[in-house]
Amino acid sequence: KHASEQPKSNIDLKKGQKITVRKAIHALIVKSANDAAVVLGEAISGDRRKFIGLMNKTAKKLNMKNTNFQNAHGLHHEKQYTTARDMAKLASALKKDFPKYYHLFSMTSFVYRGKEIKGHNRVLKRYEWADGLKTGYVNASGFNLATSTKKPEGNLVAIVMGAQTARIRDDHMINLLDNAY
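Reading guide: rules and limits
- Residues numbered from 1 in each chain as written.
- Predicted model: local features only at pLDDT ≥ 70, side-chain atom pairs only at ≥ 80, totals over all residues.
- Heavy atoms only, no water.
- Pairing = 2+ DSSP bridges.
- Helix = DSSP H or I, 4+ residues; strand = E, 2+ residues; numbered from the N terminus.
- Axes fitted to C-alpha atoms, helices over the stretch in contact; angles between N-to-C directions.
- Contact = heavy atoms within 4.5 Å.
- Core = buried A, V, L, I, M, F, W, Y, C linked by side-chain atoms within 4.5 Å.
- Buried < 20%, exposed > 50% of the residue type's maximum accessible area, 1.4 Å probe, protein only.
- 1 Å grid on protein atoms, 1.4 Å probe; cavity = no way out; pocket = protein on both sides within 12 Å on 5 of 7 lines; lining within 4 Å.
- Points joined across faces, edges and corners; volume = space filled by probe spheres on them.
- Nonpolar A, V, L, I, M, F, W, Y, C, P; charged D, E, K, R; others polar.

Topic: the sheet that holds strand 3 (residues 130-138)
At step 1: Here we have three strands laid out as an open sheet, ordered 3-4-5, and antiparallel in their pairing. What marks the edges here is a single partner per strand, and that holds for strand 3 and strand 5 (154-163). Ignoring strand direction, the axes of neighbouring strands in this sheet form an average angle of 5°.
At step 2: Summarising the sheet, strand 4 (residues 142-151) and strand 5 pair through eight bridges and their orientation is antiparallel. Following the sheet pairing, Ser148 is matched in strand 5 by Val157.
At step 3: Relative to the sheet, helix 4 (residues 84-97) contacts strand 3, strand 4 and strand 5, its axis offset from that of strand 5 by approximately 140°.

Structure (structure tokens):
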């Protein structure tokens, strides 16, 4: 029920509807589906509060010193905050600790209920060495993006937060990556 009440972006889940874990993960990664985030959090921990506690415990383990989660989907909450450095720690941990599943973060679309759902991560298509990660948008902070790359010279993780548009965010990310290499 709570998941079905989440604002867009979502995949329009209804109370009592079932979704596979795989499809919920695809929806979360590709579409930033807030309803899928809530469903997954509740499935993992039994309820929202316990999942938020788990998120914060994991953040501490990753030495994310300037992060406090208050919800599963990342939408604005007055007590929720993070930094680009902390998001880079999280992105790096995803890549290092879950190599078997990391390829999912390179998805740009998925099929749900017979319909192709496209994502917002255009850097995956625009930047030859980008191998994954995640977009985000929050009214209070703007357009955000975590990107990882794999190139013969080395792997990078970069974070852009607070861009005014998706295009500005993407252009800034590509510029950051080019300058870093």
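What to know about the nonpolar core
At step 1: Counting 20 residues, the largest nonpolar core has Ile11, Ala27, Phe110, Tyr112 and Leu133 as its most contacted members.
At step 2: Elements with a contribution of two residues or more to this core: helix 1 (21-31), helix 2 (34-45) and strand 1 (109-112).
At step 3: When residues of this core are assigned to their parent elements, the largest contribution, four residues, is made by helix 1.
At step 4: Ignoring anything within four residues of it in the chain, the contact list for Ile11 reads Ile19, Ala27, Lys31, Ala33, Asp35, Phe110, Tyr112, Arg113 and Ile117.
At step 5: Ranked by size, the runner-up nonpolar core spans 10 residues in total, among them Tyr127, Ala158, Met173 and Leu177.

Focus: the layout of surface pockets
At step 1: Quantified by volume, the second largest pocket comes out at close to 210 Å³.
At step 2: The wall of the second largest pocket is formed by 17 residues, among which Ala3, Gln17, Ile19, Val39 and Glu42 lie closest to the centre.
At step 3: Mapped by element, the contributors of at least two residues to the lining of the second largest pocket are helix 1 and helix 2.
At step 4: Tallying contributions element by element places helix 2 first for the lining of the second largest pocket, with four residues.
At step 5: Class assignment for the residues of the lining of the second largest pocket results in eight nonpolar, four polar and five charged.

What to know about the pairing of strand 1
At step 1: Residue alternation in strand 1 divides its side chains into a buried set, Phe110 and Tyr112, and an unburied set, Ser109 and Val111.
At step 2: Direction of pairing for strand 1 relative to strand 2 (residues 115-118): antiparallel, over a ladder of four bridges. Among the inter-strand pairings, Val111 is bridged to a residue of strand 2, identified as Glu116.
At step 3: Joining the antiparallel neighbours strand 1 and strand 2 is a turn of two residues, in which Arg113 adopts a positive phi near 55°.

Read these as geometric descriptors, not functional statements.
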